[in-house]
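Tertiary structure, described
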Amino acid sequence: MRVARRVVPGVIVAIAAVAGVTWLGLRVRPKPFAAYAAAPSPLDVVEIPTGLPEAAERFARASMGKNVPQIHSAVLSGRGWIRVSGIKFPARWRFTYQAGEGYRHYIEATVFGQPVMKVNEYYLDGHGRMELPFGVIEGEPKVDLAANLGLWAETVWMPAVWFTDPRVTWEEIDDRTARLIVPFGAVTREKPEVFTVWFDPDTGLLRRMVTLRYRDTEPERQVWINEVHGWMEAGGMRIPSHVTVTWEDQGQPWISLEVEEAVYNVDVDEYIRAKGL
């Protein structure tokens, strides 16, 4: 018993020390990634299409002006945080897109600015693949559906595509809200993938997107919420500078993304299929 009394305080001190160091490490932001080394191509523009719902047309003009740039690819980089098992890790990230077709997400969760977990997520050729620290998920139809919705939600960083891709349709709800109907493989108008989109009544800019999305391979879709908290200029557009993503049943965001670089119409054919930075 005497030994136990001597050991326990030491253990408590050690645990407290480790907890304190970890707490400090989780408050250190990682350095940003180096700029993406590729020369962008000039952006051609087209007129905003006619026949849009009032809220969608207002958003197009608020975010792009009179004309819409034609976007084929994009690379966005930034920092923020990601929640893993309830712990909020500082993170840095780079997302690569073939507009309306696919993406690669590369995320580093960090402690003291150093990566402790790396994530490579892909949505290519209509299929999703998640390379996570605890394993690989692929070949799952629900993952494919979820990844497709992720692609179209993240098109908020290249909103021109919502107005130039002929597969995308807008439907009016009211003067502040619209439905965004997006494609998925052979999905038709009889079984669309749909977002409900809210716009700021003063600025016309997008505030919130909500849809039903599969979380991993769970049996039922869950309410999935994307919210915009700020805006910046890039590629002749106003794009979100800060986005959070939340599963409604969790009650708080699981990831927060702050954009620090956005480049458009660069060659991503090889980079989007690579691994890591």
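Summary of the structure given here. (Residues numbered from 1 in each chain as written. Predicted model: local features only at pLDDT ≥ 70, side-chain atom pairs only at ≥ 80, totals over all residues. Heavy atoms only, no water.)

1. A few points about the pairing of strand S8 (residues 135–138)
Put simply, the rule reads: For two strands to count as paired, DSSP must find a minimum of two bridges between them. Secondary structure elements are defined from DSSP: runs of H or I of at least 4 residues count as helices, runs of E of at least 2 residues count as strands, and each element is numbered from the N terminus.
Direction of pairing for strand S7 (residues 127–132) relative to S8: antiparallel, over a ladder of 4 bridges. If you follow Leu132 over to S8, its bridge partner there is Gly135. Connecting the antiparallel pair S7 and S8 is a turn made up of 2 residues.

2. Quick word on a nonpolar patch on the surface
What counts is decided by this rule: Each patch groups residues whose relative accessible area exceeds 30% and which form no salt bridge, using 9 Å between like charges and 5 Å between nonpolar side chains of Val, Leu, Ile, Met, Phe, Trp and Tyr. Values of accessible area rely on a 1.4 Å probe in the Shrake-Rupley scheme; residue burial ignores everything except the protein chains shown. Any carboxyl oxygen of Asp or Glu within 4 Å of a side-chain nitrogen of Lys or Arg constitutes a salt bridge here.
Taken together, the side chains of Leu24, Val28 and Phe112 define a hydrophobic patch exposed on the protein surface, amounting to about 250 Å² of accessible area. Structurally, Phe112 is set in the loop between strand S5 (102–111) and strand S6 (114–124).

3. Observations concerning the side chain of Thr177
Applied cut-off: Categorising residues by exposure relies on relative accessible area from a 1.4 Å probe, with only protein chains included: less than 20% of the type maximum marks a residue as buried, more than 50% marks it as exposed, and the intermediate range marks it as partly exposed.
Here Thr177 lies in strand S10 (residues 177–182). Given the relative accessible area of 6%, Thr177 is considered buried.

4. Comments concerning helix H2 (residues 54–64)
This is how the line gets drawn: For this quantity, the arc is that covered by the directions from the helix axis to the C-beta atoms.
Looking only at H2, the buried set comprises Ala55, Ala56, Phe59, Ala60, Ser63 and Met64. Take H2 and look down its axis: the buried residues cluster within an arc of 140 degrees, on one side only. Phi turns positive one or two residues past the end of H2, at Gly65, with a value near 85 degrees.

5. A closer look at the pairing of S7
Sheet analysis places S6 next to S7, joined by 5 bridges and oriented antiparallel. Bridge pairing in S7 links Glu121 to Met130. Connecting the antiparallel pair S6 and S7 is a turn made up of 2 residues, with Asp125 showing a positive phi of about 55 degrees.

6. Some thoughts on unusual backbone geometry
Residues other than glycine seldom take positive phi values, yet Phe112 does so here, at roughly 55 degrees. Look at Phe112 and you get partly exposed, because its relative accessible area is 42%. One non-glycine residue with positive phi stands out, namely Asp216, at about 55 degrees. As for its placement among the helices and strands, Asp216 is situated in the loop between strand S12 (206–213) and strand S13 (222–234). Classification of Asp216 as partly exposed rests on a relative accessible area of 40%.

7. Digging into the packing of aromatic side chains
Between two aromatic rings, the relevant description is the distance of the centres plus the angle of the planes. Our working definition: Aromatic contacts are taken between Phe, Tyr and Trp rings whose centres are within 6.5 Å, Trp giving its six-membered ring; a plane angle under 30 degrees counts as stacked, one over 60 as edge-to-face, and the others as tilted.
As enumerated under the stated definition, the model contains 14 aromatic pairs in all. Ring geometry for Trp170 versus Phe199: centroids 6.2 Å apart, planes at 45 degrees, classification tilted. Highlighted residues: Trp170 in strand S9 (residues 169–174) and Phe199 in strand S11 (residues 193–199), separated in sequence by 29 residues. Since its relative accessible area comes to 9%, Trp170 is described here as buried.

8. Describing the layout of surface pockets
Remark: the empty space left among the atoms is shown by a probe the size of a water molecule rolled over them. Test applied: Buriedness of a pocket was judged along seven lines, with at least five required to meet protein on both sides within 12 Å; pockets are open sets of points on a 1 Å grid over the protein atoms alone, cavities are sets where a 1.4 Å probe fits but cannot get out, and lining residues have an atom within 4 Å of a point. Grid points are joined across faces, edges and corners, and a volume is the space filled by probe spheres set on the points. Classification convention: Asp, Glu, Lys, Arg as charged; Ala, Val, Leu, Ile, Met, Phe, Trp, Tyr, Cys, Pro as nonpolar; all other residues, Gly among them, as polar.
Quantified by volume, the largest pocket comes out at close to 1000 Å³. As for the largest pocket, its lining consists of 48 residues, and the residues nearest its centre are Ile82, Glu121, Asp216, Trp247 and Trp254. The element best represented in the lining of the largest pocket is helix H3 (residues 141–154), accounting for 6 residues. Residue composition of the lining of the largest pocket, by class: 32 nonpolar, 8 polar and 8 charged. Approximately 200 Å³ is the volume attributed to the second largest pocket. If you trace the second largest pocket, you find 11 residues lining it, with Leu26, Arg27, Trp81, Lys88 and Pro90 closest to the centre. Elements that contribute at least two residues to the lining of the second largest pocket include exactly strand S3 (73–84) and strand S4 (87–98). No other element matches the 3 residues that S4 contributes to the lining of the second largest pocket.

9. With respect to the environment of Ala91
Our working rule: By definition, residues are in contact when any of their heavy atoms lie within 4.5 Å.
Within the fold, Ala91 resides in strand S4. What Ala91 contacts, discounting residues up to four positions off in sequence, is Pro30, Arg79, Gly80, Trp81, Ile82, Ile107, Glu108, Ala109 and Thr110.

10. Re the nonpolar core
Which entries qualify depends on this criterion: Working definition of a nonpolar core: buried Ala, Val, Leu, Ile, Met, Phe, Trp, Tyr and Cys residues. They are joined through side-chain atoms within 4.5 Å.
Core analysis: the largest hydrophobic core is formed by 68 residues, its most contacted members being Trp157, Trp162, Trp170 and Phe195. Take this core: its biggest share by element is 8 residues, from H3. The residues contacting Trp157, other than those within four sequence positions of it, are Leu76, Trp93, Phe95, Tyr97, Met237, Ile239, Pro240, Val243, Leu257, Val259 and Tyr264. Membership of the second largest hydrophobic core comes to 6 residues, among which are Val75, Val263, Val268 and Tyr271.

11. Quick look at H3
What counts here: Given the number of residues in a helix, its expected span is that number minus one, multiplied by 1.5 Å.
Its 14 residues give H3 an end-to-end C-alpha distance of 20 Å, which sits within 8% of 20 Å, the value for a rise of 1.5 Å per residue. Summarising burial for H3: 12 of the 14 residues are buried, a large majority. Among the residues of H3, Val143, Asp144, Leu145, Ala146, Ala147, Asn148, Leu149, Gly150, Leu151, Trp152, Ala153 and Glu154 are the ones counted as buried.

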